[in-house]
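# Observations on the model geometry
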Amino acid sequence: MLEFYVLPDRAQLEFSRLPFTSSTVFMRPELRLYPGCLTCAACTLTLAHQAMSFFPYCTLAEITQQIRSKNISPVEIVELHLKRIETLQPKLNAFVHLDAEGARQQARAAESSVLRGDHLGPLHGVPLTIKSCIDVAGWPCPAGSLLRKDYLPKQDAPLVSRLKAAGAILLGNTNTPEFLMAYEADNLLTGKTSNPWDLTHSAGGSSGGEAAAISAGCSAGGVGSDGGGSIRVPSHFCGICGLKPTPGRIPATGHFPPGVGAFSWIGVVGPMARTIADVRSLIEVMAGPDAGDALSAPVPWRACLEDELRSLRIGMLESDTLGVATAETRATVERAAKSLDERGFTVEPFRLDGLDRALDLWWFFFGPVIGNLFRHSVAGYEDKISPMFREYLTYATSGVPITLKQFTKACADRDLLRAEMLRQMRDTPVLLSPVSTSPAFRHGQGNYLPGVGYRDTMRFSQWLNLTGFPGVSVPAGVSKEGLPIGVQVVGRPFEDELVLAIAEAIEQGRGPWPAPPSHFA
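Just so it is clear, the structure is predicted and the values come from calculations on it, not from any experiment. (Residues numbered from 1 in each chain as written. Predicted model: local features only at pLDDT ≥ 70, side-chain atom pairs only at ≥ 80, totals over all residues. Heavy atoms only, no water.)

Attention now goes to the pairing of strand β7 (residues 198–202). Sheet topology note: the strand β6 (residues 194–195)/β7 ladder contains two bridges and is antiparallel. By the bridge assignment, Asn195 is partnered in β7 with Asp198. The hairpin formed by β6 and β7 contains two residues between the paired strands. (Pairing = 2+ DSSP bridges. Helix = DSSP H or I, 4+ residues; strand = E, 2+ residues; numbered from the N terminus.)

What follows is the structure, encoded as structure tokens:
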């Protein structure tokens, strides 16, 4: 538990008399006593306890409300997060780069804006993190690889600029597998990231560091990326919310690998947070067109009307193609469907044809096509790549060389299949399914081996990246081993708002956000 001591101006206090521990936070009085306030130190201490009662699992709305009400300073909230990172980073290894002094500088500037009465952005003073494959000017952006350890971006990615303009304070960036090509955040440069719910288990990948930091309360929210479940799977593993948006909704400019060419719609960037409301707040800031992203579209964010939500049909996705989920996972999805039914939604079984072809096409692009591009880029540096990335390359490039005819046909087949799936979903625009076949696996148990590897365990997530459909993971249960289980809500392109609205209804039926075990910290 954190202990707060407010040190009043000119007070003759000896620090040695205070019971200082690693959990003690000393707050400068000028952060609490705003101009015109005559509050005494005792009352200030009471206010401090009230203001901090929501930490470490505060929502974005709580932070911004407390800052606007002058109950807490951006400097204080940043210091709390930095202290928590200092404590938990040795256990989690979620961070690649921590910009503590930069965050403090941003926080002081944010505090000055409050004191001056300036216009405050929607994320003013909110501490966020960014996946370490997205450009932040001056920060290392290695994407988990020794081959990129010296890369320092010269400018912010557009989504980063938008977050900063909204007043967010960036703490640092987070761990990934090498070049993002695995479902476990582990690499030769920074090592593995652990799951806050059980340190012997993986936080997932490729946005595993981001999910762990947010789940553990080291960050209020952040940004990941998703080419085959890389936002949704770690969110599911760590018990938070993560949205894979429609391609083009948030510009992927400044992301590595770059989303260009005929398969650019496979990978997207998206928000991650502990609640759906926070995910929505982040995407509202980041969304919008950008010239650097060929798929970006000027589709404005809209509100979902109550009548629109109540009249839509929700499908419980059934398929023999997606794999067999654990009994607990299936029960969690069924429980979420029942809660929606009890809230007045129409929920019924739904079979979507073409998923087998969608998964084969996804792997064609994610495996052989992208794998061959990577194989050429790492040629001569094989001794510096991680075992997992080496396994991916071996599995992805083991077949016969791809021909131009095959590539062209796959592009056409993708568009035709997507259109057919949209026709099937004409009257059922939202689907429910598992995120993966099971909760988080133990460190080192993920692999690309046929029959037991990622192509079998992550199929529930992968097909969305082929079709460009939005999908969100929302925590809805806990396994008997004490690991989170998420439910995936899937929608049609550019109907991300509906996806989040249904996920929020599941969240409301579930109750308050379940935090990791208290013994973790």
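Structure's up, so let's keep going.
By volume, the largest pocket is sized at about 540 Å³. Lining the largest pocket are 29 residues, with Phe256, Pro257, Pro258, Ile370 and Phe374 positioned closest to its centre. Here the lining of the largest pocket takes five residues from helix α11 (residues 355–377), the largest share from any one element. Residues that form the lining of the largest pocket fall into these classes: 17 nonpolar, nine polar and three charged. (1 Å grid on protein atoms, 1.4 Å probe; cavity = no way out; pocket = protein on both sides within 12 Å on 5 of 7 lines; lining within 4 Å. Points joined across faces, edges and corners; volume = space filled by probe spheres on them. Nonpolar A, V, L, I, M, F, W, Y, C, P; charged D, E, K, R; others polar.)

Glancing now at the pattern of salt bridges. Evaluation of the coordinates by the stated rule reveals 21 salt bridges. Its salt-bridge partner being Arg351, residue Asp320 comes within 3.9 Å of it at the nearest N-O pair. One end of the pair, Asp320, is in the loop between β11 (313–318) and α10 (327–342); the other, Arg351, is in strand β12 (residues 346–351), with 31 residues separating them in the sequence. Note on Asp320: relative accessible area 72%, which makes it exposed. (Salt bridge = Lys/Arg side-chain N within 4 Å of Asp/Glu carboxyl O. Buried < 20%, exposed > 50% of the residue type's maximum accessible area, 1.4 Å probe, protein only.)

This paragraph deals with the confidence of the model for the chain. Mean pLDDT for the chain: 91, with 90% of residues reaching 70 or above. Under a pLDDT of 50 for its full length, residues 1–47 has, in the predicted model, 71 contacts with residues more than four places off or in other chains. (pLDDT = per-residue confidence, 0-100. Contact = heavy atoms within 4.5 Å.)

Counted according to the given criterion, the structure contains 22 aromatic pairs. Ring geometry for Tyr183 against Tyr454: centres 4.7 Å apart, planes inclined by 55°, an arrangement best described as tilted. Taken together, the residues Tyr183 in the loop between β5 (169–174) and β6 and Tyr454 in helix α14 (residues 454–457) connect sequence positions 271 residues apart. Here Tyr183 falls in the buried class, since its relative accessible area comes to 3%. Plain terms: the ring middles of Tyr392 and Tyr448 are 5.5 Å apart, the flat faces sit at 55° to each other, and that makes the pair tilted. (Phe/Tyr/Trp six-rings, centres within 6.5 Å; stacked < 30°, edge-to-face > 60°.)

All right, on to the pairing of strand β8 (residues 221–226) then. Of all six residues in β8, six are buried; the element is thus mostly enclosed. By the alternation rule, side chains of β8 split into Gly221, Val223 and Ser225 and Gly222, Gly224 and Asp226, which are all buried. Of the pairings in the sheet, the one linking strand β4 (residues 127–131) to β8 comprises two bridges and is parallel in character. Across the sheet, the residue bridging to Thr129 is Gly222, located in β8. Pairing of β8 with strand β10 (residues 268–273), which is carried by six bridges, proceeds in the antiparallel orientation. Within β10, the residue paired with Ser225 across the bridge is Val269.

Let's shift gears to unusual backbone geometry. The amide bond that connects Gly205 to the next residue, Ser206, takes the cis arrangement and shows omega of 10°. Relative to the assigned elements, Ser206 resides in the loop between β7 and α6 (208–215). Residue Phe256 is joined to Pro257 through a cis peptide bond whose omega torsion reads -5°. With respect to the secondary-structure elements, Pro257 resides in the loop between β9 (241–244) and β10. Backbone geometry places Phe179, a non-glycine residue, at a positive phi of 55°. Even without being glycine, Phe494 reaches a positive phi, approximately 65°. Following the sequence through the fold, Phe494 ends up in the loop between β15 (484–491) and α16 (496–510). A residue is classified by how much of its surface remains accessible, and Phe494, at 30% relative accessible area, is partly exposed.

A word on the nonpolar core. In this structure, Ile77, Leu123, Leu163, Leu432 and Ile502 are the most contacted members of the largest nonpolar core, which totals 94 residues. Ignoring any residue separated from it by four or fewer positions in sequence, one finds Ile77 in contact with Phe54, Phe55, Cys58, Ile63, Ile67, Ile72, Gly125 and Pro127. By size, the runner-up hydrophobic cluster in this structure holds 51 residues, among which are Leu361, Phe374, Trp463 and Val490. (Core = buried A, V, L, I, M, F, W, Y, C linked by side-chain atoms within 4.5 Å.)

On to the sheet that holds strand β13 (residues 430–434), then. Spatially, β3-β5-β4-β8-β10-β9-β14-β15-β13-β11-β12 is the arrangement adopted by the eleven strands of the open sheet, whose pairing is mixed. In the strand order of this sheet, the two ends are held by β3 (95–98) and β12, each with one partner. Taken over all neighbouring pairs, the strand axes of this sheet differ in orientation by 30° on average, direction set aside. Where β11 lies against β12, six bridges are found, and the strand directions are parallel. Bridge assignment links Arg313 to a residue of β12, and that residue is Thr346. Contacting β8, β9, β11, β13, β14 (471–478) and β15, helix α15 (residues 459–467) runs over the sheet at an angle of about 30° to β15. (Axes fitted to C-alpha atoms, helices over the stretch in contact; angles between N-to-C directions.)

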